[in-house]
Structures are given as structure tokens and as C-alpha cells.
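Close look at the chain arrangement
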Amino acid sequence: MMHKLDARGLKCPLPIVKAKKQIETLAAGDTLEVHATDAGSVKDFQGWVAVNKQASLRQQRTEKDESGREIYVHLLEKVA
Amino acid sequence: MQTNEIQVSEVLRWIDEGQPFLLLDVRNREEFEHWKLEGTRPVETVNVPYFEFVEDPQAAIAKVPRGQTEIAVLCAKGGSSAFVAEVLRDAGVQARNITGGMIAYGQYLAPVKVPLAPGDQGRFEIWQFNRRGKGCLSYLVRSGSEAVLVDPSRSLEVYQAFAGQLGARIVRVFDTHVHADHLSGAPRLAAETGVPYFVAAGDGFELKQPVTPMQDGQEIHLGGEGGVTITTRIISTPGHTPGSTSYLVGDRYLLSGDTLFVNGVGRPDLGGQVVAWGKALFHTLRLRVAVLPDQTVILPAHYAAQSEIDPQGVVSAFLGELRRTSPELAITNEDQFVEAMRAGVHEPPAIYQEIIRTNLGLVAVDAEKATEWELGKNECAASRKLRETEARAAIAA
């Protein structure tokens, strides 16, 4: 299953706090796509999956949302 | 009562005064390595990223040394550090959040009074505003009820409130050059209060800011009711940028911009013309700066290391002292100087072209973007490597 987490406009640490909570509810192989607006989230998600046993980072990319905001997309996979 | 928050100004005072505490930086490792909160003395610092506290609070808390009675927690904007400070307090560890994080550190301005020669005291005052997080220096020169502001950051309300407390109003604003590392507050001050603004961009640059033109050598009289008239001489000093201007206050205090620092000279390579601008800088230093008397006080627009802040909190040097210590001032041959500058070319400041374009008035930027652009320390001096090796080799040659 593919899941989404809209973390746009949220300040640290909330995107990671929410992603962790949601990852814990998923089944192995499920994905969670997190949309954040904080540029610092790129390195933070990389650092977080290094200490998290349940999630791996499949992809990170940037895109623009409908209002032209820069969005940082983090695609996580539940691994265990 | 102990609050859960602590301000950047207080943290810096603790560090400068040598008061022991633990600085817990919870940013990711890359951000921590790239730009640190520093004072004039070393402070015990540990980096445990906030996401480790999210993932496994007990393991993260165990990484925090417990030798100090005070812990101040730092992050980029103050959000994650507030979270971590709360996790620590819940675990019975006293911790306070540094309000606003590195953003607040990067914008904080510390006003310090520059000591004047006995004959100048009482006639006017020079206040050096030290933007500690970036190593940027701006100045407020006050005489009577009038003040001139030089190289202001965007935090205009700080200068305006300060001038107000001195019983003065800002009547003019200058930039020493079109800055490449931070955004100037001068255009907005001029637009909002109608005071004359001067900056020179130099040949080849389109300057769209509404400036009140001034000539090299022109004098400005400052000081209204109850004050004394002083003169600010404009000395055109190209090199770091083609339009760089220094302001000589009271015939003794040289607001030297990025032309001459306490520990180095301004890099002449940001325009991609290190030879042409390097030659200009050489002639500026030889013909415009070196001719001033030894007792001239150099007050620069930047510093590179905390060690340049003297025990009174001021960044300044007598020109006579720099004549003895500066490898750049000692080079008397133009080719050797240019070669030393060329050898010292290094990474430009982040996003410097966008910052220059904004300061020229060619583009507008919103406050959030501006804050993002200004993260990190200034990179305006010719490189340390140059100072330590190349320049000495050039002198010996």
C-alpha cells in the first residue's frame, strides 16, 4: 500500500515525529510519501533513517506544489 | 524563576565570560559542521541530532554529557531544540531552548562602543554593531541628535531603536560597497524614512537603488542641536568591488568596508576579474590607505575569527599596527600582490550573485528567502591559506 503524509508548512521536528508515528502503523513493504516544505528535511530524513530500524529511504526529490512552493518529497518504505 | 528559554545574547555572554555550560546542538551533522555557534572562548559542545531524540529518547539522552549544570539546546530555527529541551526536562535533566536557533544567531546584533581618542570623546560616538553569527560589522556614528548608519543589516528596527535611545535620529545611510554575503538594510531605510542613501557599484554594474550621488573626497557634516560637527570623508577605495568606498570619520576612524580587515584584505575575485580588481586593490592599499597616519583606526565591515574581537568587544586595529603585521600591506610589487590574490581564490559566498543582484536593486526578495540566503558565515576575506603561506612566499621572493 502507498500512503501519503502532508507535512507542508510544518516546522521541525514535526515532519519526522509524524512520519515515525505513521511508519509504525504500516505493514512491511508499504510506502509512505512525505511532502515537506523545509529544506533542512532532506538531510534530516537521511539522518533519521540511519537510526530508525523500521524505515528505509527509497527516494528524495523536489517538486512545486499548486501554489508554487518548493516541496521536498521523501519516499519511505517500511522494512520490518 | 528559571524559564525554559534562553536568548542568543545571553548564550554569547556566557561563552564570552567563560561561564561553564553545555551547548547541545541538535541539527544534523552536515549543518553542524558547516556553521557553528561560537563566542570568544571555547565552549563544551556536543552534536546529537534531534531525530535521534525522536527515534529513541533514552539512547539520545545517554549521549548528552552531564558534567555541566546548565544545558542550552540549539537547532536551526528553535523548534527541534525546544522539543529536545522538553525531552531532557521530562527525563529530569535541566535544559533550556535557545530561542530562534541559528536564524536568531545569524541576525543578532551586539552594539559595542568604539573607544575614541581623548580629544574626540564627547564630540561624537562610534558604535560598532557586531553581527556575531555572520562576522558582519555595521556602524552608527552619532553626534548630537544626528546619526549616520553604515553597512546596516536588514534588522533596521534595532538600529532605529538604538539611535532613539541615544536621543538621535538617523539622517543618512551609507554602504561601503554592494555586499555579496548579506542583504543591505539601507535601501529600505532610505525608502521608508526618506534619508539620503549612498553606495557606489562601480563601472560595469547597473545600480537601480535610488542613491544620492557623492564624490570622492566629499565631506558630510554631522551633528545637530547640542552636537559638534564632524566630517566624514568619502575615500574611493576600489578593489574588493570596483565601487568600494571607505568613510573617514573625524580624520581618524576609517570605516574601511571590505578593503582592509584587521586580519587581511577583501577578496578581489568575486567579479571573476581577479587580475583587474587585484590591481585596483593594490593601488587602493598603496595610494589611498597606506598614506593615512599610523594612528588611523581601521574599523572593517567583517572579521573572520572570534579571536579578532578584542577584550573590550571591539574589532579594530591601528593602521600602524597593520603596517607591521599585514602580509598584504607589505607587498610593494603589483605583480606579486596580484599573484598572491590569484593564489588565494577560493569558494565564493553562497548565493552571492543573487545577493549582489538584490543589493543592486535589480530583483526583490521576500523576508523568508532573504533569511535562507544569509545562513552561514561571511566569506569575504582573501583566504587564510594565502595569509599563512603564499603571501610570505611572495614577500620573500
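Residues numbered from 1 in each chain as written. Chains lettered and ligands numbered in written order. Predicted model: local features only at pLDDT ≥ 70, side-chain atom pairs only at ≥ 80, totals over all residues. Heavy atoms only, no water.

**Considerations on the overall build of chain A**
- In terms of helices and strands, chain A carries 2 helices and 4 strands.
- When the helices and strands of chain A are read in sequence order from the N terminus, they spell out β-α-β-α-β-β.
- Taking 80 residues into account, the globule formula puts the C-alpha radius of gyration at 12 Å, and chain A, at 12 Å, falls close to it.
- Dimensions of chain A, computed from C-alpha atoms along their principal axes, come out at roughly 35 × 25 × 20 Å.
- The buried share among the 80 residues of chain A stands at 45%. (Helix = DSSP H or I, 4+ residues; strand = E, 2+ residues; numbered from the N terminus. Rg over C-alpha atoms; globule rule 2.2 N^0.38 Å. Buried < 20%, exposed > 50% of the residue type's maximum accessible area, 1.4 Å probe, protein only.)

**Focus: the interface of chain B and chain A**
- Counting from both sides, the interface comprises 12 residues of chain B and, opposite them, 14 residues of chain A.
- Across the interface of chain B and chain A, roughly 1200 Å² is buried in total on both sides, 62% from carbon and sulfur atoms.
- For chain B, the biggest contributors to the area lost against chain A are Tyr50, Phe51 and Glu55 of chain B; these three give 46% of the whole.
- Linking chain B with chain A are 2 salt bridges, by the criterion used here.
- Among the ionic pairs, Glu55 of chain B bridges to Lys20 of chain A, the shortest N-O distance being 3.4 Å.
- At the level of elements, α2 (29-34), α3 (50-55) and α5 (79-90) of chain B are the ones that each hand at least two residues to the side of chain B that touches chain A.
- Classifying every residue of the side of chain B that touches chain A by side-chain character gives 4 nonpolar, 3 polar and 5 charged. (Contact = heavy atoms within 4.5 Å. Buried area = accessible area lost by both parts, 1.4 Å probe. Salt bridge = Lys/Arg side-chain N within 4 Å of Asp/Glu carboxyl O. Nonpolar A, V, L, I, M, F, W, Y, C, P; charged D, E, K, R; others polar.)

**Quick look at the nonpolar core**
- Counting 50 residues, the largest nonpolar core has Ile126, Tyr253 and Leu260 of chain B as the members making the most contacts within it.
- For this core, the element with the most residues is helix α9 (residues 274-289) of chain B, which contributes 5 residues.
- Not counting residues within four places of it along the chain, the set of residues in contact with Tyr253 of chain B comprises Pro115, Leu116, Ala117, Asp120, Phe124, Ile126, Tyr247, Leu248, Val297 and Leu299 of chain B.
- Ranked by size, the runner-up nonpolar core spans 36 residues in total, among them Cys12 and Val17 of chain A together with Leu22 and Val87 of chain B. (Core = buried A, V, L, I, M, F, W, Y, C linked by side-chain atoms within 4.5 Å.)

**Concerning helix α13 (residues 352-359) of chain B**
Residue and element names in this part refer to chain B.
- Within α13, the full set of buried residues consists of Tyr352, Ile355, Ile356, Thr358 and Asn359. With its buried residues spanning 160 degrees around the axis, α13 presents them on a single face.
- Each element contacted by the buried residues of α13 is listed here: α14 (367-373).
- Backbone geometry just after α13 places Gly361 at a positive phi near 85 degrees. (Arc of directions from axis to C-beta.)

**Topic: the pattern of salt bridges**
- Taken as a whole and judged by the stated rule, the model has 36 salt bridges over all chains.
- For Asp269 of chain B, the salt bridge identified is with Arg267 of chain B, shortest N-O distance 2.9 Å. Take Asp269 of chain B and Arg267 of chain B: they sit in the same class, and that class is buried.
- The closest approach of N and O atoms between Lys369 of chain B and Glu372 of chain B, which form a salt bridge, is 3.9 Å. Placement of both Lys369 of chain B and Glu372 of chain B in helix α14 is noted, with a separation of 3 residues, approximately one turn of the helix.
- Assessed through its relative accessible area of 38%, Lys369 of chain B is described here as partly exposed.
- Sharing partners across several salt bridges, the network here consists of Asp6, Arg8, Asp65, Glu66 and Arg69 of chain A.

**What to know about the environment of Asn52 of chain A**
All names here are of chain A.
- Secondary-structure assignment places Asn52 in the loop between α2 (41-51) and β3 (55-64).
- Note on Asn52: relative accessible area 7%, which makes it buried.
- Considered as a pair, Asn52 and Lys20 are 32 residues apart in the sequence and their alpha carbons are 8.6 Å apart.

**Here we look at the sheet that holds strand β2 (residues 31-36) of chain A**
All names here are of chain A.
- The mixed open sheet is built from 4 strands, whose spatial order is β1-β2-β4-β3. Looking along the sheet, the strands with just one partner apiece sit at the ends: β1 (2-7) and β3. Direction aside, the axes of adjacent strands within the sheet are offset by 20 degrees on average.
- Taken together, the 6 bridges between β1 and β2 define a ladder with parallel strand orientation. Note on β2: the bridge partner recorded for Met2 is Thr31.
- Taken strand by strand, helix α1 (residues 14-25) contacts β1, β2, β3 and β4 (70-78), and its axis lies near 160 degrees from that of β1.
- Lying over the sheet, α2 contacts β2, β3 and β4, oriented at roughly 170 degrees with respect to β3. (Pairing = 2+ DSSP bridges. Axes fitted to C-alpha atoms, helices over the stretch in contact; angles between N-to-C directions.)

**What to know about the packing of α9 of chain B against helix α12 (residues 334-343) of chain B**
All names here are of chain B.
- At their nearest, the axes of α9 and α12 sit 9 Å apart, and the two run at 125 degrees to each other. With respect to their mutual orientation, α9 and α12 come out oblique. With respect to the hand of their crossing, α9 and α12 are arranged in right-handed fashion. Residues Val274, Val275, Gly278, Lys279, Leu281, Phe282, His283 and Leu285 of α9 touch α12, and the partners they reach there are Glu334, Phe337, Val338, Met341 and Arg342. (Parallel < 35°, antiparallel > 145°, perpendicular 65-115°, else oblique. Left-handed = near helix turned anticlockwise from the far one by under 90°.)

**Things to note about the state of the cysteines**
- Under the defined criterion, the tally for this structure stands at 0 disulfides over all chains.
- Not engaged in a disulfide, the cysteine Cys12 of chain A finds its nearest cysteine sulfur in Cys75 of chain B; these two sulfurs lie 6.9 Å apart.
- Classification of Cys75 of chain B as buried rests on a relative accessible area of 5%. (Disulfide = S-S within 2.5 Å.)

**Structural notes on the confidence of the model for chain B**
- Looking at chain B, pLDDT values average 90 and 94% of them are 70 or higher.
- With pLDDT under 50 throughout, residues 384-397 of chain B is counted as low confidence; its partners more than four residues away or in other chains account for 23 contacts. (pLDDT = per-residue confidence, 0-100.)

**Quick notes on α9 of chain B**
- Looking at α9 of chain B, one finds that the buried residues are Val274, Trp277, Gly278, Leu281, Phe282, Thr284, Leu285 and Val289 of chain B.
- Against β16 (260-261), β17 (264-265), α10 (319-325), α11 (327-330) and α12 of chain B lie the buried residues of α9 of chain B.

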